[in-house]
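Chain residues, written in single-letter form:
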Amino acid sequence: MALTRSSYKGPSRRLVLAFDIGTTFSGISYRYPAQVTGDAKIPTVIYYDAKGTVCAVGAEAMREGLHEIVEDEGWIKTEWFKLHMRPASMVDNTNPLPPLPAGKSPVGVFADFMRYLFDCAKTYISEAHLNSSDLWKSVESKIEFVLAHPNGWEGAQQEQMREAAVLAGLIPDTPEGHARVQFVPEGEASLHFCVQSGLTVEPLKARIVIMVDVKAYSWLFWQRGEGILIVDAGGGTIDLSAYGQRAGLKGHEFEEISAPQYLLHGSKFMADVDAITQHFDEKSKLTFRVIDEPSFIKFGTVRDRDVALGIRSGQLRLNGSDVADFFEPSVTCIIQAIEDQRENAQRPITSVFLVGGFAANEWLFSQLKAALHPLGLELCRPDTGV
């Protein structure tokens with residue numbers, strides 16, 4: 001894996017679409033119907049009817065007023081479907097997954113979600129460019145796709161993702177079509193993003209010499225023989241991967257120095273009331289900072305009130321200590337996993353990069369920083385969540 005990139009100088013126009021279909025949130029570099037906040041990610045959720053027809057996807061599946069339609073029409077909510085494709089070595093029987101709709105396979109559901117993302121991208125390109133029809137026709141038959149997947153997923157899982165691309169109509173089921181799909185482990189993608197975001201500059205200033213060139217810093221940092229740990233704290237899972245530079249330093253190439261670790265222990269807050277959990281995941285989970293400040297979760301109207309339960313004007317009040325208790329299993333799990341990676345790595349790990357949706361939470365960041373500092377580990381995170 002190399003961190004340097006050269007500009008494309010091919011003879012014809014090309015289009016590359018990258019998909020990051022996560023356990024709870026997914027992203028592609030385009031906008032989505034029903035999403036007006038400007039967020040780069042949408043919920044990884046699909047609603048099917050009883051016949052298996054897709055009815056609502058992503059932000060459209062979370063819009064206000066949909067709950068009544070779901071009840072009236074008997075739609076089936078499908079989420080966490082990506083984890084049904086994980087290797088047997090990553091299966092955790094203590095955390096059962098939500099079942100898939102009858103007659104639907106993991107690959108089939110994955111294909112439906114890919115098709116939705118692709119259609120959104122096509123619509124945006126058609127609306128955002130002049131002569132869009134000619135533009136699309138010039139690249140449509142040769143679009144290349146990059147699919148991110150957890151570290152530890154290998155040939156069998158990649159084959160399922162490629163099969164989903166065929167079912168979604170993104171590529172033909174031919175050797176030429178298959179060759180248009182490339183895969184990248186999420187840990188590698190996060191490492192690229194962190195280094196190019198300049199996270200490695202500040203440690204260099206403190207340890208060796210002031211340096212503003214990230215590439216130069218990378219060379220000096222890794223020549224010291226140190227490793228770095230990527231902690232991807234997502235909405236439903238936590239993935240850890242450790243990297244070090246290959247011998248010889250040519251091209252700034254890196255390799256894994258410890259077996260990747262996967263934990264089904266993300267920030268998803270499971271409960272029975274959809275409105276409460278949705279607000280917690282989208283708002284309170286990210287804004288919680290200190291234990292002595294309460295969190296407020298909106299779920300009803302101003303007429304909803306039950307002072308004994310902490311409900312006023314349709315908002316549920318949670319003590320900061322209670323919210324901290326929600327996070328404690330994840331915090332403890334991450335710290336233990338970091339220590340395991342450090343012990344098993346082939347060279348010393350001195351820095352940890354925190355990425356993923358859960359990384360934006362100030363409470364998580366402060367707790368990890370306090371726990372890792374005595375171990376001589378420096379914790380950093382990019383300004384923008386990955």
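Up top is the structure.
Calculation criteria
- Residues numbered from 1 in each chain as written.
- Predicted model: local features only at pLDDT ≥ 70, side-chain atom pairs only at ≥ 80, totals over all residues.
- Heavy atoms only, no water.
- Axes fitted to C-alpha atoms, helices over the stretch in contact; angles between N-to-C directions.
- Helix = DSSP H or I, 4+ residues; strand = E, 2+ residues; numbered from the N terminus.
- Parallel < 35°, antiparallel > 145°, perpendicular 65-115°, else oblique.
- Left-handed = near helix turned anticlockwise from the far one by under 90°.
- Contact = heavy atoms within 4.5 Å.
- Nonpolar A, V, L, I, M, F, W, Y, C, P; charged D, E, K, R; others polar.
- Core = buried A, V, L, I, M, F, W, Y, C linked by side-chain atoms within 4.5 Å.
- Buried < 20%, exposed > 50% of the residue type's maximum accessible area, 1.4 Å probe, protein only.
- Salt bridge = Lys/Arg side-chain N within 4 Å of Asp/Glu carboxyl O.
- Phe/Tyr/Trp six-rings, centres within 6.5 Å; stacked < 30°, edge-to-face > 60°.
- Lys NZ or Arg CZ within 6 Å of the ring centre and 35° of its normal.
- Pairing = 2+ DSSP bridges.
- Expected span 1.5 Å × (residues − 1).
- Bend = angle between axes of the 7 residues up to and from the residue.

**Student:** Go over the packing of helix 2 (residues 106-128) against helix 4 (residues 155-167), please, and point to the residues and values.
**Tutor:** Two measures define how a pair of helices packs: the angle their axes make with one another and the distance between the axes. Axis separation between helix 2 and helix 4 bottoms out at 8 Å; the angle between their running directions is 55°. Taken together, the axes of helix 2 and helix 4 are oblique relative to one another. Handedness of the crossing formed by helix 2 with helix 4: right-handed. Of the residues in helix 4, those in contact with V107, F110, A111, M114 and R115 of helix 2 are Q160, M161, E163, A164, A165 and L167. A per-class count over the contact of helix 2 with helix 4 returns eight nonpolar, one polar and two charged.

**Student:** With reference to specific residues and values, describe the nonpolar core.
**Tutor:** Within the largest apolar cluster, 45 residues are counted, with the highest numbers of intra-cluster contacts made by F19, M114 and L170. Sorting the residues of this core by element identifies strand 1 (16-21), strand 4 (45-48), helix 2, helix 3 (132-139), strand 7 (144-149), helix 4 and strand 8 (181-185) as the ones contributing at least two each. With twelve residues, the single largest contributor to this core is helix 2. Those residues in contact with L170, other than ones at most four positions away along the chain, are F19, M114, R115, F118, F145, A165 and R180. Judged by nonpolar contacts, the second largest core, of 35 residues, contains V231, I257, F365 and L368.

**Student:** Describe the pattern of salt bridges, naming the residues involved and giving the relevant values.
**Tutor:** Evaluated as defined, the whole model comprises five salt bridges. Two residues, D112 and K104, come together in a salt bridge whose shortest N-O distance is 3.2 Å. D112 sits in the buried class, given a relative accessible area of 10%. Taking the relative accessible area as the measure of exposure, K104 reaches 24% and is therefore partly exposed. Residue R381 is joined to E362 by a salt bridge in which the shortest nitrogen-to-oxygen separation is 2.7 Å. Taken as a pair, R381 in the segment after strand 17 (378-380) and E362 in helix 11 (residues 362-372) lie far apart in primary sequence, 19 residues in all. Connected through shared salt-bridge partners, K104, D112 and R115 make up one network.

**Student:** I'd like to hear about the packing of aromatic side chains, residue by residue, with values.
**Tutor:** As enumerated under the stated definition, the model contains seven aromatic pairs in all. Ring centres of F81 and F113 lie 5.8 Å apart, and the angle between their planes is 50°; this geometry places the pair in the tilted category. Of the two residues, F81 is situated in the loop between strand 6 (76-79) and helix 2 and F113 in helix 2; the sequence distance between them amounts to 32 residues. With respect to class, F81 is no different from F113; both count as buried. Considering the side-chain rings of F118 and W136, the 5.8 Å spacing of their centres and the 55° angle between planes classify their relative orientation as tilted. Of the two residues, F118 sits in helix 2 while W136 sits in helix 3, which places them 18 residues apart along the sequence. The same class applies to F118 and to W136, which are both buried. Three or more aromatic residues joined by ring pairs form one cluster here, namely F19, F118, W136 and F145. If you follow K82 out to its NZ or CZ, it ends over the ring of W153, 5.8 Å from the centre. The cationic tip of R381 hangs over the ring face of F365; the distance from NZ or CZ to the ring centre is 4.1 Å.

**Student:** Please give an account of the sheet that holds strand 6 that cites residues and values.
**Tutor:** Neighbouring strands of a sheet are bound in pairs by backbone hydrogen bonds; such pairs are parallel or else antiparallel. One open sheet holds the three strands; their spatial order is 5-4-6, and the pairing between them is antiparallel. Lying at the two open borders of the sheet, with one neighbouring strand each, are strand 5 (54-57) and strand 6. When the angles between neighbouring strand axes are averaged without regard to direction, this sheet yields 25°. Here strand 4 pairs with strand 5 via three bridges, running antiparallel. Note on strand 5: the bridge partner recorded for I46 is V57.

**Student:** Go over helix 10 (residues 320-344), please, and point to the residues and values.
**Tutor:** An ideal rise of 1.5 Å per residue puts 36 Å on 25 residues; helix 10 measures up with 36 Å between its terminal C-alpha atoms. Maximal helix bending in helix 10 amounts to about 40°, located at F327; proline P329 follows within four positions. Looking at helix 10, one finds that the buried residues are G320, V323, A324, F327, S330, V331, C333, I334, I335, A337, I338 and Q341.

**Student:** Go over the sheet that holds strand 1 with me, naming the residues and quoting the values.
**Tutor:** The strand order across the open sheet formed by five strands is 3-2-1-7-8, and the pairing between neighbours is mixed. The open sheet has two edge strands with one neighbour each: strand 3 (41-43) and strand 8. Each adjacent strand pair in this sheet contributes to an overall mean axis angle of 25°, direction not counted. For strand 7 and strand 8, the ladder comprises five bridges, and the chain directions are parallel. Residue pairing for strand 8: V146 is matched across the bridge by Q182. Seen against the sheet, helix 2 touches strand 1, strand 2 (25-27), strand 3 and strand 7 and runs at an angle of roughly 135° to strand 1. On the sheet, helix 4 packs against strand 7 and strand 8 and is oriented at approximately 140° with respect to strand 8.

Honestly, it's all geometry; don't read function into it.
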